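A structural walkthrough
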Amino acid sequence: MIEVSNSTEQTVQPNQSAVFDANVLKTGCDASHRLNSGVVTLRAKCAVYEVHFSANISSTAAGTAQLAISLDGEPLPETTMINSVGTAGDPDNAATSTLVRTDGCCCGRISVTNTGTNPVVISANPSLFVKRVC
């Protein structure tokens, strides 16, 4: 199990991933994260992981702020978070969760990606939590 976060606000450009500079909690060796990276590596083969993300997000312009959890660089559509932004910089909470499975010959890589067309501002202290469930 691992929970990662970022201590400062960051702006994530379209098609880019959020970066995490802190490992808040880590137990076991079934997931890993390199500080200042945007990727949590799922290390167990043929395993199921529960993945949760929550943060206060906004956009640099009025419109939408859109993020999704990605597995191996591919956004998972069921995790898409879309927040309407009336005023640039006005934050709102976004959260999502899903289950993912690693296959028998490879592990997986989890990230949080801007899948929209506007830069997304993620306030300080977001939470990406990954736990192996079987």
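Scope of this entry: the structure provided in the associated data block.

A separate point is the overall build of the protein. Looking only at helices and strands, the protein features zero helices and 13 strands. Each helix and strand of the protein, placed in order from N terminus to C terminus, yields the pattern β-β-β-β-β-β-β-β-β-β-β-β-β. In terms of overall dimensions, the protein is globule-like: its C-alpha atoms have a radius of gyration of 14 Å, near the 14 Å expected for 134 residues. Seen through its principal axes, the protein has C-alpha atoms that stretch 45 × 25 × 20 Å. Out of the 134 residues in the protein, the part that is buried amounts to 45%. A separation threshold of at least 6 residues defines the contact pool for the protein, and within that pool the share at least 24 residues apart is 69%. Surface summary for the protein: the accessible area is close to 6400 Å², and the carbon and sulfur share equals 49%. The positive charge centre, built from 8 side chains, and the negative charge centre, built from 11, are 15 Å apart in the protein.

What follows is about the state of the cysteines. Within the structure shown, the criterion is met by zero disulfides. This cysteine, Cys29, is not joined by any disulfide, and Cys107 carries the nearest cysteine sulfur, 11 Å off. Cys46 provides the cysteine sulfur closest to Cys134, a residue in no disulfide bond, and the two sulfurs are 10 Å apart. We classify Cys134 as exposed; its relative accessible area is 53%.

About the thresholds
- Residues numbered from 1 in each chain as written.
- Predicted model: local features only at pLDDT ≥ 70, side-chain atom pairs only at ≥ 80, totals over all residues.
- Heavy atoms only, no water.
- Helix = DSSP H or I, 4+ residues; strand = E, 2+ residues; numbered from the N terminus.
- Rg over C-alpha atoms; globule rule 2.2 N^0.38 Å.
- Buried < 20%, exposed > 50% of the residue type's maximum accessible area, 1.4 Å probe, protein only.
- Contact = heavy atoms within 4.5 Å.
- Areas by Shrake-Rupley, 256 points an atom, 1.4 Å probe, with all protein chains shown as cover.
- Lys, Arg positive; Asp, Glu negative; His and termini not counted.
- Charge placed at Lys NZ, Arg CZ, Asp CG, Glu CD.
- Disulfide = S-S within 2.5 Å.

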